[in-house]
Amino acid sequence: MSLDQKRARWFGVLYLLTFITSIPALLLYEPALRHPVGFVAGAGNVNKIYLGALLELLLIIANIGTAVVIVPIMRRRFEDLSIGYVTARIVESTFILVGILAMLGIATLQQQSAGASEATVAYTLAAIKDWTFILGPGWVVGWGNGLILGYMMYRTRLVPRAWTWLGLIGGPLIFLSGTIVMFRGGHPSGGLQGLCTIPEAAWELFLGIYCTIWGFRSDAPILSESAR
């Protein structure tokens, strides 16, 4: 197996890891985000937050890894865009990290009282977590995973071109819906944003499965010796 195909397999595995870590983490956080005051009052299991935080730390590693492993290939044709993709992944991961800190703050409140302002602090931390989801996975992802990666994959033909339209269409839907939710002050798990994430989610899941099993298309010109 060539070095490029090894990178392709890692690229796919890391994308699958983003699914394995992100979805369970959101489910673990959900009770604290739905009723933050009741949670800090002792009604919730704080270990769920710690486990969710651990999963999201692994998510950050996987996010940045998907960009790092593919840069040596993409920079042969798109040096600027490949750097942009890495940057987008880092910015997204920064928002995720801020969200982790907010959730750990809620966990701390359950063990240490904040006095009369405890309810306000709990709601504030939950709101910060919601906004990090809107601005990171709900906005930056549209530019990085959707438009930038979708365009590079379309041009290089590393994967079947028909599938790249999921990213090219899903990306704009992500940041447009995220912008609408931002100005309306809506909840990040609302119906509009949930519906608009379907093409992008399908695009990322396709990349994970396809690249893990088959790697990149061997006839892609960028993989040829001349492209090197």
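A.B. asks: Help me understand the overall build of the protein in this model?
C.D. replies: Secondary structure summary: the protein contains 8 helices and 0 strands in total. Principal-axis analysis of the C-alpha atoms gives the protein an extent of 70 × 35 × 25 Å. Taken across its 228 residues, the protein has 45% of its residues classed as buried. When contacts within the protein are restricted to residue pairs at least 6 apart in sequence, long-range pairs at least 24 apart make up 81% of them. When the accessible surface of the protein is split by element, carbon and sulfur atoms take 69% of a total near 10800 Å².

A.B. asks: What is the right way to look at the packing of helix α5 (residues 118-156) against helix α8 (residues 198-213) in this model?
C.D. replies: Packed helices, taken two at a time, are described by the angle between their axes plus the distance between the axes. Relative orientation of the contacting elements α5 and α8 amounts to 55 degrees, with a least axis distance of 11 Å. Between α5 and α8, the crossing angle belongs to the class labelled oblique. Here α5 runs over α8; the crossing is left-handed. For the pair α5 and α8, the contacting residues are V141, N145, G146, L149, G150 and M153 in the first and E200, W203, E204 and L207 in the second. Residue composition of the contact of α5 with α8, grouped by class: 5 nonpolar, 3 polar and 2 charged.

A.B. asks: Help me out: how do you make sense of a nonpolar patch on the surface in this one?
C.D. replies: Where nonpolar side chains cluster on the molecular surface, the patch consists of L51, L54, L57, L58, I61, L97 and L101 and spans about 640 Å² of accessible area. Of all elements in the fold, only α3 (46-74) and α4 (79-111) reach the threshold of two or more residues within the nonpolar patch. The greatest single-element share of the nonpolar patch, amounting to 5 residues, is contributed by α3. In this structure, L57 sits in helix α3. Overall, L57 belongs to the partly exposed group, its relative accessible area being 41%.

A.B. asks: Any chance you could explain the side chain of E204 here in plain terms?
C.D. replies: Structurally, E204 is set in helix α8. Buried charge without a salt bridge: E204, with R89 as the nearest opposite-charge side chain at an N-O distance of 5.3 Å.

A.B. asks: When you look at the packing of aromatic side chains in this model, what are you seeing that I'm missing?
C.D. replies: Describing an aromatic ring pair means giving the distance of the ring centres and the angle of the ring planes. Taken as a whole and judged by the stated rule, the model has 11 aromatic pairs. Centroid distance W139 to W143: 6.2 Å. Interplanar angle 55 degrees. Geometry classified as tilted. With W139 and W143 both in helix α5, this residue pair falls 4 residues apart, about one helical turn. Summarising the aromatic geometry, the rings of Y210 and W214 are spaced 5.4 Å apart at their centres and angled 45 degrees between planes, so their arrangement reads as tilted. Take Y210: its relative accessible area is 15%, and that puts it in the buried class. An aromatic cluster is defined as three or more aromatic residues linked by ring pairs; in this entry it consists of W163, W203, F206, Y210 and W214. The cationic tip of R161 hangs over the ring face of Y154; the distance from NZ or CZ to the ring centre is 4.1 Å.

A.B. asks: Quick question: what am I supposed to make of α8 here?
C.D. replies: Since there are 3.6 residues in each turn of an α-helix, residues three or four apart along the chain are aligned in direction. For α8, spanning 16 residues, the distance from its first C-alpha to its last is 22 Å, which sits close to the expected 22 Å at 1.5 Å a residue. Of all the residues in α8, the buried ones are P199, E200, W203, E204, F206, L207, G208, Y210 and C211. Those residues of α8 that are buried lie in contact with α1 (3-34), α5, α6 (161-184) and α7 (191-196).

A.B. asks: Which parts of the structure should I look at to understand the nonpolar core?
C.D. replies: Note that soluble globular proteins tend to have their nonpolar side chains buried in a common cluster. Ranked by internal contacts, the top residues of the largest apolar core, which has 29 residues, are F11, Y85, L149, M153, L158, L207 and F216. Of all the secondary-structure elements, those providing two or more residues to this core are α1, α3, α4, α5 and α8. The residues contacting F216, other than those within four sequence positions of it, are D4, Q5, A8, F11, I70, I73, M153, L158, C211 and L223.

A.B. asks: What is the right way to look at the pattern of salt bridges in this model?
C.D. replies: A side chain with one charge may pair with a side chain of the opposite charge, provided their charged atoms come close. One pass over the structure, following the stated rule, counts 7 salt bridges. Note that D4 and R76 form a salt bridge whose closest N and O atoms lie 3.0 Å from each other. One end of the pair, D4, is in helix α1; the other, R76, is in the loop between α3 and α4, and 72 residues separate them in sequence. Take D4: its relative accessible area is 1%, and that puts it in the buried class. A salt bridge links D219 to R217; its shortest N-O distance comes to 3.2 Å. Three or more residues are tied together by salt bridges with common partners; here these are D4, R7 and R76.

Rules used in this analysis
- Residues numbered from 1 in each chain as written.
- Predicted model: local features only at pLDDT ≥ 70, side-chain atom pairs only at ≥ 80, totals over all residues.
- Heavy atoms only, no water.
- Helix = DSSP H or I, 4+ residues; strand = E, 2+ residues; numbered from the N terminus.
- Buried < 20%, exposed > 50% of the residue type's maximum accessible area, 1.4 Å probe, protein only.
- Contact = heavy atoms within 4.5 Å.
- Areas by Shrake-Rupley, 256 points an atom, 1.4 Å probe, with all protein chains shown as cover.
- Axes fitted to C-alpha atoms, helices over the stretch in contact; angles between N-to-C directions.
- Parallel < 35°, antiparallel > 145°, perpendicular 65-115°, else oblique.
- Left-handed = near helix turned anticlockwise from the far one by under 90°.
- Nonpolar A, V, L, I, M, F, W, Y, C, P; charged D, E, K, R; others polar.
- Patch = residues over 30% accessible without salt bridge, like charges linked within 9 Å, V, L, I, M, F, W, Y side chains within 5 Å.
- Salt bridge = Lys/Arg side-chain N within 4 Å of Asp/Glu carboxyl O.
- Lys, Arg positive; Asp, Glu negative; His and termini not counted.
- Phe/Tyr/Trp six-rings, centres within 6.5 Å; stacked < 30°, edge-to-face > 60°.
- Lys NZ or Arg CZ within 6 Å of the ring centre and 35° of its normal.
- Expected span 1.5 Å × (residues − 1).
- Core = buried A, V, L, I, M, F, W, Y, C linked by side-chain atoms within 4.5 Å.

Spatial relationships are all this shows, so hold off on functional conclusions.
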